[in-house]
Amino acid sequence: MSYRTADSLRSVTLDDVRGAQKMLSGVARVTAMEGSRHLTQLVGAPVHLKCENLQRTGSFKLRGAYVRIAGLLPEERAAGVVAASAGNHAQGVALASSLLGVHSTVFMPKGAPLPKISATRDYGAEVRLHGQVVDETLAAAQEYAAETGAVFIHPFDHPDVIAGQGTVGLEILEQCPEVRTVVVGMGGGGLAAGIAVAVKALRPDVRIVGVQAEGAACYPPSLAAGRPVSLRNPATMADGIKVGRPGVVPFGIVGELVDEVRTVSEDQLSAALLLCLERAKLVVEPAGASPVAALLAAPDTFEGPVVAVLSGGNVDPVLMQRVLRHGMAAQGRYLAVRLRLTDRPGALATLLGVLSAVDANVLDVSHVRTDPRLGLSEAEVELHLETKGPVHCTEVGQALRDAGYTVID
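Note that this is a predicted model, so its numbers are computed, not measured.

Student: So what exactly am I meant to see when it comes to the pattern of salt bridges here?
Tutor: Two side chains with opposite charge may pair up if their charged atoms get near one another. For the structure shown, the criterion picks out 12 salt bridges. Salt-bridge contacts for Arg128 lead to Glu126; the nearest nitrogen and oxygen are separated by 3.0 Å. A salt bridge links Asp205 to Arg180, with the nearest nitrogen and oxygen atoms 2.5 Å apart. In this pair, Asp205 sits in the loop between α9 (190–202) and β8 (207–213) while Arg180 sits in the loop between α8 (159–175) and β7 (181–185), placing the two residues 25 residues apart along the sequence. A residue is classified by how much of its surface remains accessible, and Asp205, at 38% relative accessible area, is partly exposed. When its relative accessible area of 26% is taken as the criterion, Arg180 is described as partly exposed.

Right, here's the structure in full:
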């Protein structure tokens, strides 16, 4: 299956997705479907996790990239391919190209996480670092394509790519034939569009719910306007769905087949990532955790059985540390406080004794004694504490105040 420029706006059919599934046999894994007891209890119906975070390259992106590149004409393959991405699409294109014997060049932002840059190179791509944001990287990749004749592989705005992603939908119906709701994260919309094509063609009764990060929710205003609308400054920790404008091809499909698009906050994304790690023992990036965030935000609004698609697991360890801390803070399990105390022998030990008495676990202490803001007999202490929930956080704060300490923040 191959679409040329002339019919690049052609819609995607069930036959296209089935053709992609045959093409991907032996290339992409049929990823596991895991039940979640915790989410099942919250929703009041069975909840299953479709683990695309365990796919080759760590995300669903291999599916669409492989189908798109495999459909190129011989002369197009000879010219090579080029892509722009901060992570998942880069790795998908790199591996797909290597498997098909096609040279790939991938442009990545200069600030892309080092593990993702390294992985993309390891999969066989020539990596070029350009620009500080993805838009600059994208422009450089498109300029390279115009200069060299390399085929630009778009991450979501092409029928072949959407058909490849749609194979996730076929697997969902095979693994959970009784499914009533599919929840999937959305950036440009390629994955949600592909899943919707496959699922709605075979089970029109199944509800498809797309999920976007509040700070990068380009679909709600676009659907309201009836056309793709650009966001000025999309911002979210979930870089896998940080897209400022829907793709033209997926937008048409989403508008027709996706039943609802919801948004989730950064706190909800953090809590979802933490839940996946603690309860499901699955490493999931913030974008991949977005369907779980939607379930946590409004568990009684989903008809089960529910399948939540964990789209990827390529999270930078530094970001993971920050997100986990953010998630723990959102759940009242992490507390940072700053206060001043009299600078005398034993003052810090007395403070730690107060915290010990209320069972707060001290993770880190910063003790400043010399600062222009401080008086001669003052010291400032910043404490990072592990706590047991919102109620415990309140108890810790009250204990500090009762002991005569003034909490600055």
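Student: Just checking my understanding: could you explain the pairing of strand β5 (residues 126–129) for this structure?
Tutor: The side chains of a regular strand alternate between both faces of the sheet. Bridge analysis of strand β4 (residues 104–108) against β5 gives 4 bridges, and the strand direction is parallel. Within β5, the position partnered with Phe107 by the bridge is Arg128. For the crossover from β4 across helix α6 (residues 114–122) to β5, the handedness is right-handed.

Student: Explanation requested: the sheet that holds strand β13 (residues 378–386) in the structure shown.
Tutor: Taken in spatial order, the 4 strands make up an open sheet running β12-β13-β11-β14, and their pairing is antiparallel. Edge positions in the sheet fall to β12 (361–368) and β14 (406–407), since each of these pairs with one other strand and no more. Direction of pairing for β12 relative to β13: antiparallel, over a ladder of 7 bridges. Each residue of the ladder has a partner; that of Ser366, found in β13, is Glu382. Together, β11 (334–342), β13 and β14 form the strand contacts of helix α16 (residues 390–402), whose direction differs from that of β11 by roughly 0°.

Student: Explain the packing of helix α1 (residues 14–24) against α8 here, please?
Tutor: The packing of two helices is summarised by the inter-axis angle and the distance between the axes. Relative orientation of the contacting elements α1 and α8 amounts to 90°, with a least axis distance of 8 Å. By the angle between their directions, the pair α1 and α8 is classed as roughly perpendicular. On the side of α1, the interface is formed by Leu14, Asp16, Val17, Arg18, Ala20, Gln21 and Leu24, while α8 contributes Ala163, Gly164, Gly166, Thr167, Leu170, Glu171 and Glu174. For the contact of α1 with α8, the residue count by class is 6 nonpolar, 4 polar and 4 charged.

Student: How should the packing of helix α12 (residues 266–278) against helix α13 (residues 286–297) be read in this particular structure?
Tutor: Where α12 contacts α13, the two axes come as close as 7 Å, and the packing angle between them is 100°. Judged by the angle between their axes, α12 and α13 are roughly perpendicular. In contact with Gln268, Leu269, Ala271, Ala272, Leu273, Leu275 and Cys276 of α12, α13 contributes Pro286, Ala289, Ser290, Val292, Ala293, Leu296 and Ala297. Per-class residue counts for the contact of α12 with α13 are 12 nonpolar, 2 polar and no charged.

Student: Quick question: what am I supposed to make of the sheet that holds strand β3 (residues 81–84) here?
Tutor: One key point about sheets: their strands pair by backbone hydrogen bonds, in either a parallel or an antiparallel sense. One open sheet holds the 4 strands; their spatial order is β5-β4-β3-β6, and the pairing between them is parallel. Looking at strand neighbours, the two that pair on one side only are β5 and β6 (151–152), the edges of this open sheet.

Student: Explain the packing of aromatic side chains here, please?
Tutor: Between two aromatic rings, the relevant description is the distance of the centres plus the angle of the planes. One pass over the full model with this rule turns up 2 aromatic pairs. Here Arg262 stacks its cationic end above the ring of Phe302, 4.3 Å away from the centre of that ring.

Student: Which parts of the structure should I look at to understand the environment of Gly44?
Tutor: Relative to the helices and strands, Gly44 is located in the loop between α2 (37–43) and β2 (47–51). Classification of Gly44 by relative accessible area gives exposed; the value is 66%. Gly44 sits 215 residues away from Asp259 along the chain, and the two C-alpha atoms are 21 Å apart.

The rules behind the values
- Residues numbered from 1 in each chain as written.
- Predicted model: local features only at pLDDT ≥ 70, side-chain atom pairs only at ≥ 80, totals over all residues.
- Heavy atoms only, no water.
- Salt bridge = Lys/Arg side-chain N within 4 Å of Asp/Glu carboxyl O.
- Helix = DSSP H or I, 4+ residues; strand = E, 2+ residues; numbered from the N terminus.
- Buried < 20%, exposed > 50% of the residue type's maximum accessible area, 1.4 Å probe, protein only.
- Pairing = 2+ DSSP bridges.
- Right-handed = clockwise from strand over helix to strand, strands pointing away.
- Contact = heavy atoms within 4.5 Å.
- Axes fitted to C-alpha atoms, helices over the stretch in contact; angles between N-to-C directions.
- Parallel < 35°, antiparallel > 145°, perpendicular 65-115°, else oblique.
- Nonpolar A, V, L, I, M, F, W, Y, C, P; charged D, E, K, R; others polar.
- Phe/Tyr/Trp six-rings, centres within 6.5 Å; stacked < 30°, edge-to-face > 60°.
- Lys NZ or Arg CZ within 6 Å of the ring centre and 35° of its normal.

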